[in-house]
Amino acid sequence: MSGDDVHHPHPPTDLEARTLALESLLIEKGLLTSEAVDRVIATFEQDIGPLRGARAVAHAWVDPEFKQWLLAAPKEALTGIGIGDHQVEELVVVENTPAVHNVIVCTLCSCYPWAVLGLPPTWYKSAPYRSRVVVEPRVVLHEMGLDVPDDVEVRVWDSSADIRYMVLPERPAGTEDWSEERLAEIVTRDCMIGVAQPRVPASIS
Amino acid sequence: MSEVSDVDRQVADLDGLPRKNGELVFEAPWQSRAFGMVVALNQLGALAWPEFRQRLVDEIAGAGEHEYYASWLSAIERLVLEHRLLTPNELSRRTAEFAAMDRDEVF
């Protein structure tokens, strides 16, 4: 643990004590260093976020050839724009179209394309989302603020240890003259999970 | 970014969970340590991710809806014991030492 926690007068909770015990023993056995753990946390909290995925989406929007590459061979395409270390066997990019809306879930635990989207949000790991989005995706999406028209098919992709999914959202109208950097700013994590759509801020349009 | 927070809140409210800010990845430092340990052990080659994932799935299935990172911690404990990286004895003794505040190492 870090900072003031160490000095607080109350004994650690059971979960805290177990975590401390595990880490201290693994370090003593030479299996782990606290620096390695620090590095992982910093990487996932700060360096790897949805920004990497957003960059890829924005690039796909402005470069049709890259888009085809991203859909056909996602890991190669990502490496091609400098996004490496995918930490997953297979990454599948599913494209939203006027006829199809995609949404991703992991019904068993919390499999998630970390390398492009960062860490999963709390709700992604919640039992209600994991169980309900498969059964009644339109209802869940509506509750999350996204209404999918009846004539648009909703496809739910269940992630696994070997295959992770990422949604390629549709480029919103009114962004034709936008730069790639500006486009990347409206591609949120939720857009790439498929529970939201990129929006053009009202003040700009 | 307020839209993202709204979505998090709506889903958190759906099943009566305490209101959470989904943008905060970890709710307590021990959760980030537990998370970081598994990824670091995987990176260092001490454990394989699929093996951990299977145990996480089992723990979550047995734990019900809540305490995600408690399941995570149980899964990694099981795995290091099964692989005999640690013994049950030393793990329980060390846990008791921290719980009794006989130890206060800083990580």
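Only a predicted model underlies this, so the values are computations on that prediction, with no experimental measurement involved.

Colleague: Whenever I open this one, the overall build of chain B confuses me. Can you help?
Modeller: For chain B, the count of helices and strands is five helices and zero strands. The N-to-C order of helical and strand elements in chain B reads α-α-α-α-α. For chain B, with 107 residues in total, the buried portion stands at 47%. A sequence separation of at least 24 residues applies to 39% of the contacts in chain B between residues at least 6 apart. Surface exposure of chain B reaches about 5,300 Å², of which carbon and sulfur atoms provide 49%.

Colleague: Mind showing me how you'd approach the packing of aromatic side chains here?
Modeller: For any pair of aromatic rings, the description rests on two quantities: the centre-to-centre distance and the angle between the ring planes. Considering all chains together, one arrives at 11 aromatic pairs over all chains under this definition. Aromatic pair tyrosine 112 of chain A and tyrosine 124 of chain A: ring centres 4.8 Å apart, planes at 65°, arrangement edge-to-face. Here tyrosine 112 of chain A, found in the loop between strand 2 (100–105) and helix 6 (114–117), pairs with tyrosine 124 of chain A, found in the loop between helix 6 and helix 7 (127–135); they are 12 residues apart in sequence, far enough to count as distant. Judged by relative accessible area, which is 0%, tyrosine 124 of chain A ranks as buried. Taken together, Phe35, Phe52, Tyr68, Tyr69 and Trp72 of chain B form an aromatic cluster joined through their ring pairs. A cation over an aromatic ring shows up here: arginine 182 of chain A above the ring of tryptophan 178 of chain A, its NZ or CZ 4.0 Å from the ring centre.

Colleague: For this particular structure, what's the right way to read the pattern of salt bridges?
Modeller: Here the idea is simple: oppositely charged side chains can pair when their charged atoms come close. Residues and elements named next belong to chain B. Within the structure shown, the criterion is met by 16 salt bridges over all chains. Its salt-bridge partner being arginine 94, residue glutamate 97 comes within 3.6 Å of it at the nearest N-O pair. One end of the pair is glutamate 97 and the other is arginine 94, both in helix 5 (residues 88–99) and three residues apart, which spans about a single turn. For glutamate 97, a relative accessible area of 23% translates into the label partly exposed. Three or more residues joined by partner-sharing salt bridges are found here, namely Arg55, Asp58, Glu59, Arg78 and Glu82.

Rules and cut-offs
In every chain, residue numbers begin from 1 and rise along the written sequence. As a convention, the first chain written is A and the first ligand written is 1, with the rest following in written order. For this predicted model, a pLDDT threshold of at least 70 governs which residues receive local features, and a threshold of 80 or more governs which side-chain atom pairs are given and counted, while totals over whole chains, interfaces and linings are taken from all residues. Note: side-chain values were computed over all heavy atoms of the structure, leaving out hydrogens and water. Numbering of helices and strands runs from the N terminus; a helix is a DSSP stretch of H or I covering at least four residues, while a strand is a stretch of E covering at least two. Exposure is judged per residue with a 1.4 Å probe applied to protein chains only, and the accessible area is read against the type maximum: over 50% gives exposed, under 20% gives buried, and values in between give partly exposed. Whether two residues are in contact is decided by their heavy atoms, any of which lying within 4.5 Å being enough. Method for areas: the Shrake-Rupley scheme with a 1.4 Å probe, in which residue coverage is limited to the protein chains shown. Ring pairs shown here join Phe, Tyr and Trp side chains whose ring centres sit within 6.5 Å, with only the six-membered ring taken for Trp; geometry is labelled stacked below 30 degrees between planes, edge-to-face above 60, and tilted in between. Lysine and arginine charges are scored as sitting over a ring when NZ or CZ, respectively, is within 6 Å of the ring centre and within 35 degrees of the ring normal. Definition used for salt bridges: Asp or Glu carboxyl oxygen within 4 Å of a side-chain nitrogen of Lys or Arg.

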